Amino acid sequence: MTTTLPAYDEVVARFEPVIGLETHVELGTNTKMWCGCPTDFGGEPNTRVCPVCLGLPGSLPVANKAAIEATIRIGLALNCSIAQWCRFARKNYFYPDMPKNFQISQYDEPLCFDGYLDVEVNGELVRIGIERVHLEEDTGKTLHVGGATGRIHGATESLVDYNRAGIPLVEIVTKPIPGTGALAPEVARAYVTELRDVIRSLGVSDVRMEEGSLRCDVNTSLNRPGEEWGTRTETKNVNSLRSVERAVRSEMLRQASVLEAGGRITQETRHFHEDTGDTTPGRSKETATDYRYFPEPDLVPIAPDPAWVAELKAALPELPRLHRRRLQEAWGLSDADMQSVLNAGAVELIEQTVAAGASPAAARKWWLGELSRRANETGVELADIGATPAQVAELQSLVDAGKLNDKLARTVLEGVVAGEGSPTEIMTARGLEVVSDTSALTAAVDEAIAANPDIADKIRSGKVAAAGALVGAVMKTTRGQADAKTVRDLILSRLTPTP
Ligand SMILES: [Zn+2]
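Below or above, wherever it landed, is the structure these notes cover. (Residues numbered from 1 in each chain as written. Predicted model: local features only at pLDDT ≥ 70, side-chain atom pairs only at ≥ 80, totals over all residues. Heavy atoms only, no water.)

As for the sheet that holds strand E2 (residues 81-82)
Each strand in a sheet pairs with its neighbour through backbone hydrogen bonds, running either in the same direction (parallel) or in the opposite one (antiparallel).
Here comes step 1: On the basis of which strands lie adjacent, the open sheet formed by nine strands has the order E2-E5-E6-E9-E1-E10-E11-E12-E13 and mixed pairing. The open sheet terminates on both sides in strands that have one partner only, identified here as E2 and strand E13 (279-284).
Here comes step 2: Strand direction decides the pairing type here: strand E1 (residues 16-26) and strand E9 (residues 168-174), joined by five bridges, are antiparallel. Note on E9: the bridge partner recorded for Val-25 is Val-170.
Here comes step 3: Strand contacts of helix H2 (residues 65-77): E2, strand E5 (112-121), strand E6 (124-137) and E9, with the helix running at about 165° to E6, the strand carrying the most contacts. (Pairing = 2+ DSSP bridges. Helix = DSSP H or I, 4+ residues; strand = E, 2+ residues; numbered from the N terminus. Contact = heavy atoms within 4.5 Å. Axes fitted to C-alpha atoms, helices over the stretch in contact; angles between N-to-C directions.)

If you want it as structure tokens, here you go:
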């Protein structure tokens, strides 16, 4: 079926979207959820496994206290109530990347529930209700090889890696979010961004979408004004913040075209495709009864001591949103300027660069200028560009000390990004330091005067402004390495009478 998608404006004029987000966060604990296997990303397949996370008969799980603590801290940061007593539950389903044939999760007794997160969208605060925050275990990874797409269709064989199996996973589920209208895609993105920042500020996960330690499923439905909420679909494989926004938008457009044609929306999971921005249908959604949940008999219930919970609450860090407000004031930025810093993903980078000794203005200049441009060109996140805040601060200190001018500093920065070393090392190795030693420059100045006698005459007759052309000539012969002020002073001292 080929249909032309309606325009977005028409869709939001005729339909009201309701969105919801389920986010999975891999915790950065040292060991897995039920065993002592290490959790770091990567590693040769099936080298970080033991009888427990391989689900071998007779092995027994023991809950990881650090994971429970991290989950409670996430719940508290999201203004949730913390259960005084709750249990883990078995979620039964067969999938090759899950060796036990069930996942230990939580069902009707989540560890944290009924909270909220305030996010800013276009300068307005939107309160997102949090239904629950619960703790479970991650699955292994299946690799389909031999096909063109890496998917199971067309693959000649499938391999499974259990290194990830049993890593603690926190699931954060929002309440349905109605009433966002045309802003639904932006609200979804703002929520995931804010959630990522909150979790990062807690130091419990590195929350990297590209490495899968933060994963997001997006629920979307449409209804006509005054009608009941529509049937929702769940879009999976949404692997970047930008994709969260695109997935909501593309699903709104698709559902609207189905509804406009008199069709019905099927409750199903859909796959988001990074390349096209479209979604395609996956399996029809299981209901909770299909999973035959029951309390996990191999684990004791969790009953966190209220005094411990109170202690964790008192020790929570400042919320990122409030932290950003404080930085904005300290840096003296307008809302629009702060927004561009946020959009560039540069808040922490600038903060760390300032902490390393640069002025806020200089730090912002490098991260939002040269480095953002390169990040856009090469399609990498600014934080992964290859320059560290400490290196940017060092670069600026060389500029402040007069050892580099702006142009040379850019060249040095290129070297930093290319991994050639520290700014000082690159400046020295490539001989890029500004030359302000007059004896070294005199020859170049005399050469420029000799080569441009008419300009020299103008300066001699009092037209000092003409010196600019000679400065330019000297800069050219010294490959931009001369100190412009020193050159100008030298030219004038040679061509104008000493008072
Ligand atoms: Zn293990």
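So, next bit.
Quick word on the coordination of the zinc ion
Here comes step 1: Those protein atoms acting as donors to the zinc ion are Cys-35 (SG), Cys-37 (SG), Cys-50 (SG) and Cys-53 (SG), and they sit at 2.3 to 2.4 Å.
Here comes step 2: The site at the zinc ion holds four donor atoms, and with the angles between them running 101 to 116°, its shape is tetrahedral.
Here comes step 3: In the primary structure, the donors to the zinc ion are separated according to the pattern C-x1-C-x12-C-x2-C. Taken as a pair, Cys-35 in the loop between E1 and H2 and Cys-50 in the loop between E1 and H2 lie far apart in primary sequence, 15 residues in all. (Donors = N, O, S within 2.8 Å, 3.2 Å for Na, K, Ca; no water. Tetrahedral: all angles 85-135°; square planar, octahedral: opposite > 155°, others 65-115°.)

Describing unusual backbone geometry
Here comes step 1: At Asn-46, a residue that is not glycine, the phi angle is positive and equals roughly 60°.
Here comes step 2: Residue position: Asn-46 is located in the loop between E1 and H2.
Here comes step 3: On the basis of relative accessibility, which here comes to 33%, the residue Asn-46 falls in the partly exposed class. (Buried < 20%, exposed > 50% of the residue type's maximum accessible area, 1.4 Å probe, protein only.)

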